[in-house]
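Below, each chain spelled out in residue letters.
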Amino acid sequence: MTAPARDSSRLGVEARTDESALHTIRRGLALTPHALRGLWITLLLAVIATAGKVVVPIAVQAILDRGIIEPEVPDIAFVAGAAGLAAGVLLVTAVCNIVMNRRLFRLAETSLATLRTRAFRHIHDLSLLTQGTEQRGALVSRVTSDVDTVSQFMSFGGIMLVVMSMQLLLATAVMVFYSWPLALVVWLCYLPILLLMGTLQRRVRARFQHVRTQVGRMLGGVSEALVGSATVRAYGIEERTRSTQAARVREVRDAQFSVLRPQSASFFLSETADGLATAVVVVVGILLGTGALGLDLPGGDLTAGGVIAFVFLVSLFSQPVRMGIEMLMQAQNAVAGWRRVLGVLDTPADVADPGGAIDPHTGERGAPVPGARALPEGPLDIEIDALHYRYPTGPEVLHGLDVTLPARSRIAIVGETGSGKTTLAKLLTRMMDPASGEIRLGGVPLPLVPYSSLRSRVIMVPQEGFLFDTTVAENLRYGRPGASDEEMHRALDELGLGAWARELPEGLDTPVGQRGESLSAGERQLVALARAYLADPDVIVLDEATSAVDPAADVRLQQAIDGLARGRTTITIAHRLSTAERADGILVLDHGALVEHGTHAELVDLEDGIYAGLHRSWVAHRAQR
Ligand SMILES: Nc1ncnc2c1ncn2[C@@H]1O[C@H](COP(=O)(O)OP(=O)(O)OP(=O)(O)O)[C@@H](O)[C@H]1O
C-alpha cells in the first residue's frame, strides 16, 4: 500500500476563505514590499491634500463673519487676504494631489506586475497534476482578472481609506470647534449607516468571492470551448456548448447582481444620511444661532458664517463616508482577488527544484537541497527501484517497478492502453514524483538533480509536440537558445530533414501558426524531434505518435527518430511494434506491473507471453491491410 502522490484535499489551487480580510490584505501587500517603499511620502502628501480641504469652510466663515457681516463697512483687504491665502493653500493641495496620484499609480502598477509575474511563474512550477485540477482558463483568470481586482484598491482605494478616515476626523474636529451640539447632530444622522457597515461588508465579501469563482469558471469554459472547437464542430454540439457557456455567463451576471444589493443599500443609506444631515444642520443651526430653542448650550451660539461653514463641513464629512463605503467595497473585491492569487502562490510545488526552489511569495531562490548535484558527464544509465505511483484521485497505477536500463540503449515500453506507460514516462522526466521508490540517472536520484542539469540532459518528446505561434526557426531555438541558422540546418541535415525544411514555403522562417496548426501533424512531429535534437540531451523519453502519416513521411519520421536516438539512452513508448522490434530492450507493462523484460528475440516466442500475443495480433493485422 502506498501513499497517494499528494493529499487530495491539497490538490488544486483553492483560495483560503477562512482567513480574515485584514490578514489577506497584509499577506497580499507583503508580496510586493519593494513597491511599498516610500509609502510614507505618499501618505504625507495625502495628509497635506486632505488638510487643505478644510480651508474652504474656514475661509468662508472668516470672510463672512469678520470681513463682511461684522464690520460696519466690508473689510476688502481682509476679504482679499483671506481669499488669497485660501487660494494658495488650495494650489498646494492640488499639487500634492497630483504628485500623490502619480506615486500611487506607479506603486499599484509595479505591485501588480510583480504579482502577475510571480503567479505566472509559480503556475509553471506547479506539477502537471496540480495544473490539471483547475481548468487552464481559470488559472489564466488568476493572473489576469483576479490581479485586476487588486489594481483599483492599490492605486486608489487603500490610501483613500486612510485619507478619508483622516478627513472624517478633521471635519469632526472643525465641526466640534464651531459647535459641538451641531457636530453631534451630524454624527447621529450617520450613525445607522456606520453601525450597519460591518454586516454589509461581510455580505459583500462572501459575494465577491463567489463572483471571482464564477469568473474563473466562465473563463475556463471559454478556453475549453476554444481549444476543443474542432471537436465541437465535428459533433455538431455548438448549441450545447453555447448554452453551457451562456449559463456560465448568466452565473457571473447573477453573482455580480448579488453584490449590487448590499452595495446599493449602503449607498442609499449614505445618500439619505447626507440629505438629512444638511437639512438638520441648516434648521438646527439657525434655531441655535437665533436662540429660538431657548437653550443656552455651550457651542450653541452660531453665527451666520458658522452655519454656512457647517454646511460645507457636512459635505466634507459626507464625502469620506460615501467614498469610504466605496473603498471598503473595493477592498472586499481586492480581498477576493488576492485570496485567489494567494491560493496559487500558497499551493506548494510538489516537484521542486533541488537546485534551489523559487519562493513564490518572495520571488527569491532558496538554498539547494542537501546532496543536490548535477548529472555526471557522459552517457546516463537509468535505475528504477521499487517504483510505485498512485494518482491522488485513484488506485495505485504502478506497482513496484524494478529495472536497470543501460546507458545508450534504446528501450521500448509496450503495454495495453492504461497499463501505465505514460505515467512511467512522466516519472522518468520528473514531471511528478513517485509515491515510493526511486529513479536514478547515472547514479543520482532524480529529486537531487537540479533543474538546470535535468532539463538540459533529459528531454521528453510528447506525442503531439507543442509548437509556439512563431516561425519554425524560433520553435527550434526553444531547444537551443541562440542557435544560428547554420546550426539548425546542420541539425536538420543530420536528421535527414534538410530537404524537407528547404521545401517549406519560407524555409525556416515559415510561421507555424497557433499550436503549429499551419503544419501537418507529421511536420509538427518533425519540428518537435529536431528541437529535441538541437537540445542535445543524453536521455530521451519519446511518446511515439499514433497518428498515421503516409509511408514516405513515416520513413522520414523514423529516420529522424533514429538520428535523434543515436548515442543516447532512449525510452520510447512504442505504439508500433516495429519500434519494439528494433529496440535493444523491451519493457512490457500490464496493469501497472512490469511483467516482461528482454529483447524482441527473447520475448516474441514466449509461451503465453503478453508481448508475443501483442506481436502476433499486430502481424496478423498488418497482413490483413
Ligand atoms: N491524471 C490522472 N489522474 C488519475 N488517474 C490517471 C491520470 N492519468 C492516468 N491515470 C490512470 O493511470 C493509469 C495509467 O495511465 P497511463 O496514461 O499511464 O496509461 P498508458 O499505458 O500510457 O495508456 P495509453 O497507451 O492509452 O496512453 C490509467 O488507469 C489511467 O486511468
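Remember, it's a predicted structure, so these values are computed and weren't measured experimentally.

Basis of the calculations
Residues numbered from 1 in each chain as written. Predicted model: local features only at pLDDT ≥ 70, side-chain atom pairs only at ≥ 80, totals over all residues. Helix = DSSP H or I, 4+ residues; strand = E, 2+ residues; numbered from the N terminus. Rg over C-alpha atoms; globule rule 2.2 N^0.38 Å. Buried ≥ 20, exposed ≤ 12 C-beta atoms within 10 Å, placed from the backbone. Contact = placed C-beta atoms within 7 Å. UniProt positions renumbered as here; feature names shortened; annotations may be inferred. Pairing = 2+ DSSP bridges. Near = placed C-beta within 6 Å. Nonpolar A, V, L, I, M, F, W, Y, C, P; charged D, E, K, R; others polar. Core = buried A, V, L, I, M, F, W, Y, C linked by C-beta atoms within 7 Å. Domains from an automatic or database assignment. Axes fitted to C-alpha atoms, helices over the stretch in contact; angles between N-to-C directions. Parallel < 35°, antiparallel > 145°, perpendicular 65-115°, else oblique. Left-handed = near helix turned anticlockwise from the far one by under 90°.

## Re the overall build of the protein
So, step 1. Across its full length, the protein holds 21 helices and 10 strands.
So, step 2. In terms of overall size, the protein is more extended than a compact globule, its C-alpha atoms giving a radius of gyration of 35 Å where 625 residues would be expected to give roughly 25 Å.
So, step 3. If you line up the protein on its principal axes, its C-alpha atoms span 120 × 55 × 50 Å.
So, step 4. Taken across its 625 residues, the protein has 38% of its residues classed as buried.
So, step 5. Long-range pairs, those at least 24 residues apart, make up 80% of the contacts in the protein with a sequence separation of at least 6.

## Description of the UniProt feature "transmembrane region" (unreviewed entry) in the protein
So, step 1. Look at the UniProt record and you will see "transmembrane region" (unreviewed entry) annotated at residues 39-64, 76-100, 159-178, 184-200, 276-295 and 301-318.
So, step 2. Summarising residues 39-64: 96% helix, 0% strand, and an end-to-end C-alpha distance of 39 Å.
So, step 3. From the first C-alpha to the last, residues 184-200 spans 24 Å; its make-up is 100% helix and 0% strand.

## A few points about the pairing of strand S1 (residues 382-390)
Two faces belong to every sheet, and in a regular strand the side chains alternate between them.
So, step 1. By the bridge criterion, seven bridges tie S1 to strand S2 (residues 396-405) in an arrangement that is antiparallel. Each residue of the ladder has a partner; that of isoleucine 384, found in S2, is valine 403.
So, step 2. Linking two consecutive strands that pair antiparallel, namely S1 and S2, is a turn of five residues.
So, step 3. As paired strands, S1 and strand S4 (residues 436-441) are joined by five bridges and run antiparallel to one another.

## As for the environment of valine 595
So, step 1. In this fold, valine 595 is placed in strand S10 (residues 593-598).
So, step 2. Sequence separation between valine 595 and tyrosine 611 is 16 residues, and the spatial gap between their C-alpha atoms is 9.5 Å.
So, step 3. Excluding residues that lie within four positions of it along the chain, valine 595 makes contacts with Val588, Asp590 and Ile610.

## Brief notes about the site of the ligand
So, step 1. Close contacts around the ligand come from 13 residues, with Tyr391, Thr417, Lys421, Thr422 and Thr423 the closest.
So, step 2. For the shell around the ligand, the element with the highest residue contribution is helix H12 (residues 421-428), accounting for three residues.
So, step 3. Considering only residue class, the shell around the ligand consists of two nonpolar, 10 polar and one charged.

## Section: the nonpolar core
So, step 1. In this structure, Met175, Leu182, Val186, Val281, Phe310, Leu313 and Val341 are the most contacted members of the largest nonpolar core, which totals 71 residues.
So, step 2. In terms of residue count, helix H11 (residues 304-346) provides more of this core than any other element does, 21 residues in total.
So, step 3. Beyond its immediate sequence surroundings of up to four residues, leucine 313 is in contact with Pro57, Ala171, Val174 and Met175.
So, step 4. Ranked by size, the runner-up nonpolar core spans 70 residues in total, among them Ala435, Leu454, Leu467 and Leu492.

## Regarding the domain arrangement of the protein
Accessible area lost upon the coming together of the parts serves often as the stated size of an interface.
So, step 1. Per the domain assignment, the segments making up the protein are domain 1 (25-212 + 260-346) and domain 2 (382-624).
So, step 2. The distance between the C-alpha centroids of domain 1 and domain 2 comes to 61 Å.

## A word on the sheet that holds strand S3 (residues 410-415)
So, step 1. Here we have six strands laid out as an open sheet, ordered S6-S7-S8-S3-S9-S10, and mixed in their pairing. Only two strands of the sheet have a single neighbouring strand rather than two, namely strand S6 (458-461) and S10. Going across the sheet, the axis of each strand differs from the next one's by a mean of 20°, ignoring polarity.
So, step 2. The pairing of strand S9 (residues 585-590) with S10 spans five bridges and is antiparallel. Of the residues in S10, the one forming a bridge with leucine 587 is histidine 597.
So, step 3. Sheet strands in contact with H12 are S3, S6, strand S7 (539-543), strand S8 (569-573) and S9, and its direction is about 150° off that of S8.
So, step 4. The strands that helix H21 (residues 610-624) touches are S3, S9 and S10; relative to S9, the one it contacts most, it runs at about 95°.

## Description of the packing of helix H15 (residues 485-494) against helix H17 (residues 521-535)
So, step 1. It is at 10 Å that the axes of H15 and H17 come closest, and there the two elements cross at 115°. When the interaxial angle is binned, H15 and H17 end up roughly perpendicular. The crossing of H15 and H17 is right-handed. Contacts between H15 and H17 involve Met488, Ala491 and Leu492 from the first element and Ala530, Tyr533 and Leu534 from the second.
So, step 2. Considered class by class, the residues forming the contact of H15 with H17 number six nonpolar, no polar and no charged.

## Considering the sheet that holds S1
So, step 1. The strand order across the open sheet formed by four strands is S2-S1-S4-S5, and the pairing between neighbours is antiparallel. Taken across any chain shown, the strands that pair with only one partner, and hence form the sheet edges, are S2 and strand S5 (444-445).
So, step 2. Strand direction decides the pairing type here: S4 and S5, joined by two bridges, are antiparallel. Paired with arginine 440 across the strands is proline 445, a residue of S5.

## What to know about the packing of helix H8 (residues 180-227) against H11
So, step 1. The contact between H8 and H11 brings their axes to 9 Å, and the two run at 15°. By the criterion of interaxial angle, the relationship of H8 to H11 is roughly parallel. The hand of the H8/H11 crossing is right-handed.
So, step 2. Classifying every residue of the contact of H8 with H11 gives 15 nonpolar, five polar and four charged.

## Quick notes on unusual backbone geometry
Keep in mind that most residues, glycine aside, have a negative phi and that most peptide bonds are trans.
So, step 1. Positive phi is not limited to glycine here, since arginine 408 has a value of about 70°.
So, step 2. Topologically, arginine 408 is positioned in the loop between S2 and S3.
So, step 3. Overall, the presence of 18 C-beta atoms within 10 Å leaves arginine 408 in the partly exposed class.
So, step 4. The backbone of arginine 430 shows a phi angle near 55°, a positive value even though the residue is not glycine.
So, step 5. Secondary-structure assignment places arginine 430 in the loop between H12 and S4.

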